[in-house]
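# Observations on the three-dimensional arrangement
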Amino acid sequence: MTEIYAIILFLVVLFLLLGTGVWVGLALMGVAWVGMELFTTRPAGDTMITTIWASSSSWTLTALPLFIWMGEILYRTRLSEDMFRGLSPWLAKMPGGLVHTNIVSCTIFAAVSGSSAATLTTVGKMAIPELRARKYPEKMVIGTLAGAATLGLMIPPSIALIVYGVTVNESITKLFFAGVFPGLILASMFMAYVAIVSKTSSSWNPDMETGMSFSEKLRNSRFLLPVLILITVVIGSMYGGYATATEAAAIGVLGALALAAAQGSLTAGSFRESLMGAMRTSAMIALILAGAAFLKLSMGFTGLPRALADGIAAMELGRFELLMALLVFYIVLGMFLDGISAVVLTMAIVEPMVREAGIDLIWFGIFVVVVVEMAQITPPIGFNLFVLQGMTDHEMGYITKAALPMFLIMVLMVFILIWFPEIATWLPDNLRQTPG
Amino acid sequence: MTDLRKTLDFLYMAAGVLAALCLVAILALIVAQMVARWTGEIFPGAPDYAGYAMAAASFLAFANALNHGAHIRVSILLNAVPAGTRRLLEIWCFGLAAAVAWYFTYYAYWFVYWSWKFNEVSQGQDATALWIPQSVMVIGGGLLAIALTDNLLHVIFKGEHRIVRDTVDETFEV
Amino acid sequence: AEKWDMPMAYSASNFHSENGVTFAECVGAGTNGEITIEVHPGGSLFAGADIKRAIQTGQVQIGERLLSGHQNESAVFGFDSVPFLAPSFDDSEKLYDAAKPKIEALLDEQNLELLYAVPWPPQGLYFKKEVNSVADMEGVKFRSYNNTTSRLAELTGMLPVTVEAAEISQAFATGVAESMVSSGATGYDRKVWESLTHFYEVDAWLPRNYVMVNQDVWADVSDANKQAIMTCAAEAEARGLQASKDYTQFTMDGLAEGGMTVQPAGDALMGELREIGATMTSEWLEAAGDEGKAIVDTFKAQ
Ligand code: NA
Ligand code: NA
């Protein structure tokens, strides 16, 4: 019974604080504090500082501001223009036109960065102005960005998969391989959706790019060279054993600076602006992460996520029913927690259930990542929604609606994963480590 | 009064610049660690120092980010209500946020005090006395609390807060 | 009835965590439900590094921590992680008996009451190639995570590379690191046979996890319940030791099944490693002072 009261109370306080316009990070701290005061006898203030210090001074977190800084530098170069010049001849004639550049760029950056927020800020900063200038429907621009940026968590490297792998003791290498095809398939599904809408929507009439011959297209592709070099260097540094996934972010910043210098857009002024911009954006995300860390702790003390997971365990469901129950469970939890916290808090109960049902834990990791991705774009607490709000000045409601189709596509993706598990398991099963 | 105003604005700005320098420090530390490894050297404690710089970059930037409108919130209701109600709502928002920030700062202070009192040292290879890096929580949290209170007083006495959206973001409005 | 929250750093399926859950059930039954303990495994409440302070300051009533993680604070905490000082389960028990009064006194100063301690399986050496002598280790990239492991690399001529626990698998897969010292359990959990080929059972040291309770909380427990909890703790200590031994064999078999060559180090290598161990013991004694000397003397006298 306490659980029901706890749930209702958390929800009421959360909606009250967020709804009246209290800053998200501070609102989360407020909710967590109420939970601590009402449901535990432990000192709220001390636990708050312990957990916030631990989460905000973490080494793995350093990749986040660096990737954001990289995005800020690239945004001030000609790179975005160049990327559009290189990609647009190929994508412009496709149904859906340049909106595809959103998805393609996110997919490419997902292979560089391990987080969804970094992917979103990098691509968003470059793509939004370009697409707006060409009069693409705003909702499509925002929605596809919100959805496709979550690929940062699925396509390796991925912070979410590292956390999951460590929690359930599965091979992170295998999990990374498992994420490749589902990531690409999800990206194609987003693109297919864009194509369909472009053909059926009456409000779809962006400025058309002029036609080009094949050789012209090919010649224009040289503009993609800088981006490709940057990505090759960052990914190469990781897979070549020169840098860990965290360190690769530093390589990305150096590469972006080199690129900017080569293009002549690196001035003292642009350097300072990029740095101050990165400082503010990462502070915004850090404040929310601090609040989320305290909320996670408070939820942990109340035992709420675990009680819910226990409830599911008690139902003793079959394989498919179990997956459906978990899907609903994580969607609901993902509304209020960031996806990674939801995984950490519940895996102790969920893991044995899943193992008992004979579900492959590598496959389940991909299932979990899709669900974590959904949590990024569901209100009231959805990281990509927050970041996009900061970036575009649109209201949460508007961004949520824009992202809803992407959410539904992810739900469809879950079913595709259930029907064709080989999408996730084939690559890790067949790709052994190269020796040496 | 103008002196206080100038001092506060200088503090918000200076903390922001320090935070930005911490981002550069993170970059330098990580690059140094990689180069050390490639050349067969060691840089003991580099990940720990990078972690402290990460915390400093975040906490010192909070107040600056607030004044530049970088921290986000749900403003549907704020935009929908008439001016008078809006002012009351802003007082509630700034008041509550300031309370949370002061609460945070108070406990952060005692946390750091006990780290100092217990001589708590880092468990990593850096073996840093932890109260030093942890102090950024008190300074940054305190500055955020001051900035929120500053804005709260402005809403109460002048009717408007002092948050100005960053010019960088306006480039999106092309 | 009173509920205690017990954070534990390792995943729910780890034998330490399972042992902790059984201990919690025992306490619930033994105190007739007057004290119930809720275990929070996998760092889901506090991460490992924060657990000691959380108990000390009463943020939680009870918890488990690898105390050698706190050697920067007091070198004595590192007694169970001196390479080759007590290289077997039996020696490790003797060493623990010798150190226990000192550790309890140290914890007492920190507002902590020791309930029980359970060793990890012995630490062995992982490589990507066959190694028969310290000379074979020359230039190998070795994962270091603290001063002891850095020093070990230095003394064996390996290149220490800092790799955080979360990045172990990736670091081996990509060649950032090529070797590490760790228990069979870590290698088994991280499935390192995907990248590494050899495990040498050198039993370098057996670090322990300690379950501790806040002294203010402990003072309020009735004598009968204290008795019941201590009985449960003694049982947990014995059960944990046996589980650690069983798990050692299990993970050795698992590593071999994964395709690794699992074997004791050759005599030549072992001899060289013992010499390095003697150097490191004397270095630890310098840091740990009289307390450390007393522990080692008592241990050697047994
Ligand atoms: Na990624
Ligand atoms: Na969400």
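Residues numbered from 1 in each chain as written. Chains lettered and ligands numbered in written order. Predicted model: local features only at pLDDT ≥ 70, side-chain atom pairs only at ≥ 80, totals over all residues. Heavy atoms only, no water.

As annotated in an unreviewed UniProt entry, chain A is TRAP transporter large permease protein from Roseobacter ponti. Checking UniProt for chain A, the heading Subcellular location (unreviewed entry) contains the comment "Cell inner membrane". Quoted verbatim from the Function (unreviewed entry) heading of the UniProt record, the comment on chain A is "Part of the tripartite ATP-independent periplasmic (TRAP) transport system." (UniProt positions renumbered as here; feature names shortened; annotations may be inferred.)

What follows deals with the packing of aromatic side chains. For the coordinates displayed, the defined rule picks out 34 aromatic pairs over all chains. Each ring, one from F301 of chain A and one from F46 of chain C, has its centre 6.4 Å from the other, and the planes form 75°; the classification is edge-to-face. In this pair, F301 of chain A is assigned in helix α15 (residues 268-302) and F46 of chain C in the loop between β2 (35-40) and α2 (48-56), connecting two distinct chains. Accessibility classification places F301 of chain A together with F46 of chain C in one group, the buried group. Ring centres 5.3 Å apart and planes at 20° place the aromatic pair F364 of chain A and F367 of chain A in the stacked group. Residue F364 of chain A and its partner F367 of chain A are both found in helix α19 (residues 361-376); the two are separated by three residues, about one turn of the helix. A residue is classified by how much of its surface remains accessible, and F364 of chain A, at 0% relative accessible area, is buried. Taken together through their ring pairs, the aromatic side chains of Y10, F15, W120, Y188, W193, Y247 and F250 of chain C make up a single cluster. Lying over the aromatic face of F223 of chain A, R222 of chain A brings its terminal NZ or CZ to 4.4 Å of the ring centre. (Phe/Tyr/Trp six-rings, centres within 6.5 Å; stacked < 30°, edge-to-face > 60°. Helix = DSSP H or I, 4+ residues; strand = E, 2+ residues; numbered from the N terminus. Buried < 20%, exposed > 50% of the residue type's maximum accessible area, 1.4 Å probe, protein only. Lys NZ or Arg CZ within 6 Å of the ring centre and 35° of its normal.)

With an omega dihedral of 0°, the bond running from P379 of chain A to P380 of chain A counts as a cis peptide bond. Residue position: P380 of chain A is located in the loop between α19 and α20 (383-392). Of note in the backbone geometry, N111 of chain C takes a positive phi value of approximately 70° without being a glycine. Tracing the backbone through its elements, the reader meets N111 of chain C in the loop between α3 (89-109) and β4 (112-119). Residue classification places N111 of chain C among the partly exposed residues on the basis of a relative accessible area of 21%.

Turning our eyes to something else, we now look at the interface of chain C and chain B. Size of an interface: often given as the accessible area lost when the parts come together. In this assembly, 20 residues from chain C lie in contact with 17 residues from chain B. A combined buried area of about 1500 Å² lies between chain C and chain B, and 50% of that area is made up of carbon and sulfur atoms. In terms of surface lost to chain B, no three residues of chain C exceed R53, N72 and T162 of chain C, which account for 41% of the buried area on that side. Joining chain C to chain B, the criterion identifies one salt bridge. As a salt-bridge pair, R53 of chain C and E120 of chain B come within 3.6 Å of each other at their nearest N and O atoms. Our enumeration of links across chain C and chain B arrives at seven residue pairs in polar contact (both at pLDDT 80 or more). Of the residues in the side of chain C that touches chain B, the class split is six nonpolar, ten polar and four charged. (Contact = heavy atoms within 4.5 Å. Buried area = accessible area lost by both parts, 1.4 Å probe. Salt bridge = Lys/Arg side-chain N within 4 Å of Asp/Glu carboxyl O. Polar contact = N/O pair within 3.5 Å; in protein donor to acceptor, adjacent residues only side chain to side chain. Nonpolar A, V, L, I, M, F, W, Y, C, P; charged D, E, K, R; others polar.)

Attention shifts here to the sheet that holds β4 of chain C. Residues and elements named next belong to chain C. Reading across the sheet, the three strands line up as β3-β10-β4 and stay open at both edges, with antiparallel pairing between neighbours. Taken across any chain shown, the strands that pair with only one partner, and hence form the sheet edges, are β3 (62-66) and β4. Recorded for the sheet is a direction-independent mean angle of 25° between the axes of neighbouring strands. Of the pairings in the sheet, the one linking β3 to strand β10 (residues 208-214) comprises five bridges and is antiparallel in character. What sits directly across from R65, in β10, is Y210. Contacts between α3 and the sheet are confined to β4 and β10, with β4 contributing the most and set at about 165° to the helix. (Pairing = 2+ DSSP bridges. Axes fitted to C-alpha atoms, helices over the stretch in contact; angles between N-to-C directions.)

What follows is about α20 of chain A. All names here are of chain A. A large share of α20 lies buried, amounting to ten of its ten residues. For α20, every residue scored as buried is listed here: F383, N384, L385, F386, V387, L388, Q389, G390, M391 and T392. D393 sits one or two positions beyond α20 and adopts a positive phi of about 70°.

What follows deals with the packing of helix α2 (residues 24-39) of chain A against helix α3 (residues 44-56) of chain A. Residue and element names in this part refer to chain A. Where α2 meets α3, the axes come as close as 10 Å, and the angle between the chain directions of the two elements is 135°. Judged by the angle between their axes, α2 and α3 are oblique. Classified by chirality, the crossing of α3 by α2 is right-handed. The residues of α3 that touch α2, namely those facing M29, W33, M36 and E37, are A44, T47, M48 and I52. (Parallel < 35°, antiparallel > 145°, perpendicular 65-115°, else oblique. Left-handed = near helix turned anticlockwise from the far one by under 90°.)

Right, let's get into the sheet that holds strand β9 (residues 198-201) of chain C. Backbone hydrogen bonds hold the strands of a sheet together, and the pairing may be parallel or antiparallel. All names here are of chain C. Overall, mixed pairing links the four strands, which are arranged β8-β5-β9-β11 in an open sheet. Unpaired on one side and paired on the other, β8 (180-183) and β11 (261-264) mark the two borders of the sheet. Strand-to-strand twist in this sheet, taken as the mean axis angle between neighbours without regard to direction, amounts to 30°. The pairing of β9 with β11 spans four bridges and is parallel. Following the sheet pairing, F199 is matched in β11 by V262.

Next up on the list: the interface of chain B and chain A. With 64 residues of chain B at the contact, the number on the chain A side is 65 residues. Buried surface at the junction of chain B and chain A, summed over both partners, amounts to about 5700 Å²; 74% is from carbon and sulfur atoms. Across the contact surface, chain B and chain A share one salt bridge. Among the salt bridges present, the one from R37 of chain B reaches E247 of chain A, with a minimum N-O distance of 2.8 Å. Here chain B is connected to chain A by twelve residue pairs in polar contact (both at pLDDT 80 or more). Among the secondary structure elements, those contributing two or more residues to the side of chain B that touches chain A are α1 (2-38), α2 (46-67), α3 (76-80), α4 (83-117), α5 (131-158) and α6 (167-170) of chain B. Element by element, the count of residues in the side of chain B that touches chain A is highest for α1 of chain B, at 14 residues. Grouping the amino acids of the side of chain B that touches chain A by side-chain chemistry returns 47 nonpolar, eleven polar and six charged.

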